[in-house]
Amino acid sequence: MSILPSRFLTIPHHPSLAFSHYSPPPLLQTVPRSSLFHAPSNVPRPLRASATSPSSSVTVENSSDSESDAASGGAPATLFVIRARNRIGLLGIITRVFNVLGLRVEKATVEFEGDFFVKRFFVTDSRGARIEDRDSLDRIQKALLDAIDDCAGTVSAGPTTTRGVVVRRPGLGLGSGDRAAKAERMFGLMDGFLKNDPISLQKDILYHVEYTVARSRFSFDDFEAYQALAHSVRDRLIERSHDTQLYFKRKDPKRVYFLSLEFLMGRSLSNSVINLGIRDQYAEALSQLGFEFEVLAEQEGDAALGNGGLARLSACQMDSMATLDYPAWGYGLRYQYGLFRQVILDGFQHEQPDFWLNFGNPWETERVHVTYPVKFYGTVDEEIVNGEKCNVWNPGEVVEAVAYDNPIPGYGTRNTITLRLWAGKPSDQRDMEAFNTGDYINAVVSRQKAENISSVLYPDDRSYQGKELRLKQQYFFVSASIQDIMRRFKDAHSNFDELPDKVALQLNDTHPSLAIVEVMRVLVDEEHLDWNKAWDIVCKLFSFTIHAVIAEGLEKIPVDLLGSLLPRHLQIIYDINFNFVEELKKRIGLDYDRLSRMSIVEEAAVKSIRMANLAVVCAHTVNGVSQVHSELLRTKLFKDFYELWPEKFQCKTNGVTQRRWIVVSNPSLCALLSKWLGTESWIRNVDLLTSLREYADDADLQQEWMMVKKVNKMRLAEYIEAMSGVKVSLDAMFDVQTKRIHEYKRQLLNILGIIHRYDCIKNMDKSQRSKVVPRVCIIGGKAAPGYEVAKKIIKLCHAVADKINNDSDVGDLLKLVFIPDYNVSLAEVVIPGADLSQHLSTAGHEASGTGSMKFLMNGCLLLATEDGSTVEIVEEIGDENLFLFGTKIHEVPELRERGPAHDMPLQCVRVLRLIRDGHFGFQDYFQSLCDSVEGDDFYLLSSDFGSYLEAQAAADKAFADPKKWAKMSILSTAGSGRFSSDTTIRDYAENSWGIEPCRFPSESDG
């Protein structure tokens, strides 16, 4: 595709057409429809320069005849007549050449001659004069030749007089007569992009109200208005997505396919209109219709297709790949029910299904024509094919995978890539067989089993059935994605030696690791490649990102389960492992302990397949997600593999997108940054934020900065009051910890610290209390349904909150609030309003911690252990601009060996005694929590308690000095650019995937 896709070409009911002076549309602006004229087709003209060939021609002349004068408003123009084989998009390519050369197309006509066209362009230079210089004409002609040759056409010179009647377009199957008229009508309806002025947007919204939502345009509510608004935005995304994919298809670059079982996308409306550059236009259009954009945006639910950092990371990386113009696809599962809704009743967590699709999803497009069969169970038989033995998998069950496409727009570019999610449907053949034999019950059961595959995110895998469903999900997603990728490759290529030059496959953790085995199966069993050749190809395709930090977190699949569900894949894994171990013996000898550790097959009580080992053996690059994590991989988790293949191992520190976490969630800060930096370019080039450092001491910036923070705190305070009824003071420090509830993330340490603060305040006199820095402590996060310890921590938080928030002695000096059902949309409220953010993981247990990066971007100060990405944050902003505490990674093993005999701080002893004595109620229920701290204390809460209190005191002291706090906040944002997902994705593209940007051309590029 070119800057002018086929929708710009309008054909009236006449074999030739003309469009008036046209300039390609500026980026992110509307596209005017072409003005149409009828032009005579066969007027003899004196030639300026010509050459001929039997099939195509270019003719150049500088005639001042009446037609040329009319084309250029009375001024003479240069006429270029081009005859070449018709190809969709060629008109745009030619116009693009003129534009790049600084020329103006005053008028153009097109005629058709079967498979050929005759295009006549009346062109002037940048001053509106015709082109006289022969060298210039030769250069223009050469540029046209090069451009059309690149599009598989040819250009030469010579007059043409014949007339044609038809445009051929792939898929239309057009000839002459009625089909030509059909082509004219279709192109006539596609002569421009959708317009983005407020009047046009209003028309589109009202159209969708009446014809998509099926409501009267005179009576519709906020939710129906949101639905219509979302569909109108999606229309514009689809335009860009189609053009992007067609452009990729024509350029045929190497593409990356991002495989992840989780994508925590959050809401799409605000992010989409900001990336499209039409947020203000929509706000104005809605205002004139009597609606507010912000109110309608709140009608959208979260697409909860993931849990925590890994899933949100995937979403950020998709945004960055689109913005940086990389040719990319995302693949995942379209879960019918997202991560559960968290409901708090009497302080206890209860889980309810998240029916996020109840009212449909206006952002997705169901591709009913994109379906693939996915096989399960059955047997593997040997058959003779072309005189050679081949393994043939005869499945016992077949399920159809149906594609649902979600457009992901880039910022400041027309590129819009696709996140393709798969949903399970029953095989039509099996359905029909069941119905035909009257077995209606089994037909219904078959449908339910198929749909169950993509129903639930994280099925409970404590049972065999749960483990089987989880494995089914993984293979279902992998099989459909690989079939789609192979189909796309084979559309343009016939030699599988080219596969590594056109395809890069990224495994986001171990969940998609079966893709390795599936590609081998396809190449060997279906494409009949030699095993060694297929393995060589596969090893050039995959990159592997691991998120686990301990060996217990690495995924293993029982052999019995894998052999039952995927019998052919187990055979292939055994063959891969046999070849690997034999090669390994040549490298390291008969070191059986090491061979056992590195083997893909674990010979334990339950024989299992180590999916991480499989990924490491096959992938050409393996990376951790922070410097600390990458070092753990090299020295502990994959030490044996690192010693064997040190060149494989890389570090790719995670990042988050500033477009979601500043531009969308904190528009006030976005405007302030653009004002002081003097540009909005930081939204794409986030490294520009470092320029803030020179203004960190500026009193005016500090004042404006803290005013933005106060506005965001007001918004958060309003939410807290509406949600919990608790009124909080805006003068207090908003102290936030929002993470998945887990023992290693140490929300319990936070609560113990809050109890200590409460106890201190209760024992102060009035004069002492006047010196206390007031705090609003905010905790949010979900506990896994079967995680009893985490659920007790949530209950303890509510019990302590009930005590503190209703104590008149404490008042506004201390409040504790738990935010239920924390998700991306709530994060967009909480993070901009936070003053202090706590990241308390036991050192060595957090792979990266992208939450800290979101808070950092928003000028929130961090109180953290030296774990995950915090070490790199310290390098970037300096340890004087955050509050560090706690045990270092290398000290953790020694403390654990010493066990519970070490001395516990008296403050910790007193806090635990308050809990044990029932000061907050539920005395018996909380005993086990106290025992975990006073017992083996695996996560070192008591060890770090004293250091933690010191860091809290330092934060209080800094907050009491507004100028110092403002400066630290500004420097936090200034140093956050390193932690943008844009930086991470560039690193992946250059050092793992080997891909280049493929930017859809726009006016700003010329």
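These numbers come from a predicted model, not from an experiment.

*Asks:* Any details on the nonpolar core? Residues and values, ideally.
*Replies:* By size, the foremost hydrophobic cluster in this structure holds 122 residues, and its most contacted members are Phe376, Trp422, Leu505, Phe542 and Phe638. In terms of residue count, the dominant contributor to this core is helix α13 (residues 464-492) (10 residues). For Phe542, the residues in contact, after removing those within four places along its chain, are Leu505, Leu507, Ala515, Ile516, Val519, Cys618, Ala619, His620 and Thr621. Ranked by size, the runner-up nonpolar core spans 59 residues in total, among them Trp661, Leu677, Val728 and Met853.

*Asks:* Go over unusual backbone geometry, please, and point to the residues and values.
*Replies:* Residues other than glycine seldom take positive phi values, yet His528 does so here, at roughly 60 degrees. Tracing the chain through its elements places His528 in the loop between α15 (514-526) and α16 (531-538). Take His528: its relative accessible area is 41%, and that puts it in the partly exposed class. At Phe922, a residue that is not glycine, the phi angle is positive and equals roughly 50 degrees.

*Asks:* Now, about helix α26 (residues 747-762): what can you tell me, with residues and values included?
*Replies:* Counted at 1.5 Å a residue, the expected span for α26 with its 16 residues is 22 Å, and the 23 Å between its end C-alpha atoms agrees. Among the 16 residues that make up α26, 14 are buried, leaving the element largely enclosed by the rest of the structure.

*Asks:* Which residues make up the sheet that holds strand β25 (residues 649-651), and what values go with them?
*Replies:* In space, the nine strands of this open sheet follow the order β14-β17-β18-β11-β8-β19-β20-β24-β25, with mixed pairing throughout. The sheet terminates laterally at β14 (365-376) and β25, the two strands that pair on one side only. Pairs of neighbouring strands in the sheet enclose a mean axial angle of 25 degrees, with direction left out of account. Of the strand pairs in this sheet, strand β8 (residues 255-259) and strand β19 (residues 503-508) are connected by five bridges, and their pairing is parallel. Note on β19: the bridge partner recorded for Val256 is Ala504.

*Asks:* So what about the side chain of Glu397? Which residues, and what values?
*Replies:* Within the fold, Glu397 resides in strand β17 (residues 397-409). Within the local environment of Glu397, its side chain forms a polar contact with the side chain of Lys472, the two groups lying 2.9 Å apart.

*Asks:* Account for the confidence of the model for the protein chain, with residues named and values stated.
*Replies:* In the predicted model, the protein chain carries a mean pLDDT of 87, and the fraction of residues at 70 or more is 85%. Residue range residues 1-54 is modelled with pLDDT below 50. Its contacts to residues more than four positions away, or to other chains, number 177 contacts. Note on residues 152-176: pLDDT under 50 across the span, and 86 contacts to partners over four residues away in sequence or across chains.

*Asks:* Let's hear about the packing of helix α5 (residues 198-211) against helix α8 (residues 279-288): which residues, and what values?
*Replies:* Direction vectors running N to C along α5 and α8 enclose 65 degrees, while the axes themselves pass 8 Å from each other. Note on packing geometry: the crossing formed by α5 with α8 is right-handed. Of the residues in α8, those touching α5 at Pro198, Ile199, Leu201, Gln202 and Ile205 are Gln281, Tyr282, Glu284, Ala285, Leu286 and Gln288.

*Asks:* Got a sec to walk through the packing of helix α33 (residues 906-916) against helix α35 (residues 941-959)? Specific residues and values, please.
*Replies:* Their axes nearest at 8 Å, the elements α33 and α35 cross at an angle of 110 degrees. By the angle class used here, α33 and α35 are roughly perpendicular. Residues Gln907, Cys908 and Val911 of α33 lie in contact with α35, whose contacting residues are Ser942, Phe945 and Leu949. In terms of residue class, the contact of α33 with α35 is made up of four nonpolar, two polar and no charged.

*Asks:* Pulling in residues and values, what's your account of the environment of Ile550?
*Replies:* With respect to the secondary-structure elements, Ile550 resides in the loop between β20 (542-545) and β21 (556-558). Among the residues examined, Ile550 registers a relative accessible area of 38% and is labelled partly exposed. Sequence spacing of Ile550 and Leu637 is 87 residues, and the spatial spacing of their C-alpha atoms is 6.8 Å.

*Asks:* Can you explain the pairing of strand β13 (residues 348-354)? Please cite residues and give values.
*Replies:* Summarising the sheet, strand β12 (residues 338-345) and β13 pair through six bridges and their orientation is antiparallel. Considered in β13, the bridge of Gly338 is made with Asp354. The hairpin turn running from β12 into β13, its antiparallel successor, is two residues long, and Asp346 in that turn takes a positive phi close to 55 degrees.

*Asks:* Outline the sheet that holds strand β22 (residues 601-602), supporting the account with residue identities and numerical values.
*Replies:* Taken in spatial order, the three strands of this open sheet run β21-β23-β22, and their pairing is antiparallel. The open sheet is flanked by β21 and β22, the only strands paired with a single partner. Here β22 runs beside strand β23 (residues 608-610); their pairing, made up of two bridges, is antiparallel. Across the sheet, the residue bridging to Val601 is Ile609, located in β23.

*Asks:* Provide a residue-level description of the environment of Trp661, including the pertinent values.
*Replies:* You can see Trp661 is positioned in helix α23 (residues 658-664). For the pair formed by Trp661 and Met857, sequence separation is 196 residues and the distance between their alpha carbons is 7.5 Å.

*Asks:* Account for the environment of Asp640, with residues named and values stated.
*Replies:* Residue placement: Asp640 occurs in helix α22 (residues 639-644). For the pair formed by Asp640 and Met598, sequence separation is 42 residues and the distance between their alpha carbons is 7.0 Å. Excluding its chain neighbours within four sequence positions, the residues that come into contact with Asp640 are Arg594, Arg597 and Met598.

*Asks:* Outline the side chain of Asn275, supporting the account with residue identities and numerical values.
*Replies:* Mapped onto the elements, Asn275 comes out in helix α7 (residues 269-276). Given the relative accessible area of 0%, Asn275 is considered buried.

*Asks:* Hey, could you go over the pattern of salt bridges for me, with residue numbers and the actual values?
*Replies:* When their charged atoms lie close together, side chains carrying opposite charge are able to pair. Taken as a whole and assessed by the stated rule, the structure comprises 62 salt bridges. Of the charged contacts, one joins Arg487 and Asp484 as a salt bridge, the two residues approaching to 2.8 Å between their closest N and O atoms. A residue pair is termed a helical-turn pair when its members lie 3 or 4 positions apart in one helix, as Arg487 and Asp484 do in helix α13 at three residues. Look at Asp484 and you get buried, because its relative accessible area is 0%. With its nearest N and O atoms 2.8 Å apart, the salt bridge here joins Glu527 to Lys490.

*Asks:* So, the packing of aromatic side chains: which residues are in play, and what are the values?
*Replies:* Aromatic ring pairs: the centre-centre distance and the angle between the two ring planes describe each pair. Under the definition given, this model contains 31 aromatic pairs. On the basis of an interplanar angle of 70 degrees and a centroid distance of 5.8 Å, the ring pair of Tyr372 and Trp422 is categorised as edge-to-face. Here the residue Tyr372 occupies a position in strand β14, and Trp422 occupies one in strand β18 (residues 416-426), the gap between them amounting to 50 residues. By the burial criterion, Tyr372 is buried, and Trp422 matches it. Aromatic side chains Tyr925 and Phe926 sit 5.6 Å apart centroid to centroid with 65 degrees between the ring planes, which places their arrangement in the edge-to-face category. Here the aromatic cluster, defined as three or more aromatic residues joined through ring pairs, consists of Tyr257, Trp329, Tyr331, Tyr372 and Trp422. The residue whose ring lies beneath Lys652 is Tyr988, and the NZ or CZ to ring-centre distance is 5.6 Å. Above the plane of the ring of Phe938 lies Arg896, whose end atom (NZ or CZ) is 3.7 Å from the centre.

About the criteria used
Residues numbered from 1 in each chain as written. Predicted model: local features only at pLDDT ≥ 70, side-chain atom pairs only at ≥ 80, totals over all residues. Heavy atoms only, no water. Core = buried A, V, L, I, M, F, W, Y, C linked by side-chain atoms within 4.5 Å. Buried < 20%, exposed > 50% of the residue type's maximum accessible area, 1.4 Å probe, protein only. Helix = DSSP H or I, 4+ residues; strand = E, 2+ residues; numbered from the N terminus. Contact = heavy atoms within 4.5 Å. Expected span 1.5 Å × (residues − 1). Pairing = 2+ DSSP bridges. Axes fitted to C-alpha atoms, helices over the stretch in contact; angles between N-to-C directions. Polar contact = N/O pair within 3.5 Å; in protein donor to acceptor, adjacent residues only side chain to side chain. pLDDT = per-residue confidence, 0-100. Left-handed = near helix turned anticlockwise from the far one by under 90°. Parallel < 35°, antiparallel > 145°, perpendicular 65-115°, else oblique. Nonpolar A, V, L, I, M, F, W, Y, C, P; charged D, E, K, R; others polar. Salt bridge = Lys/Arg side-chain N within 4 Å of Asp/Glu carboxyl O. Phe/Tyr/Trp six-rings, centres within 6.5 Å; stacked < 30°, edge-to-face > 60°. Lys NZ or Arg CZ within 6 Å of the ring centre and 35° of its normal.

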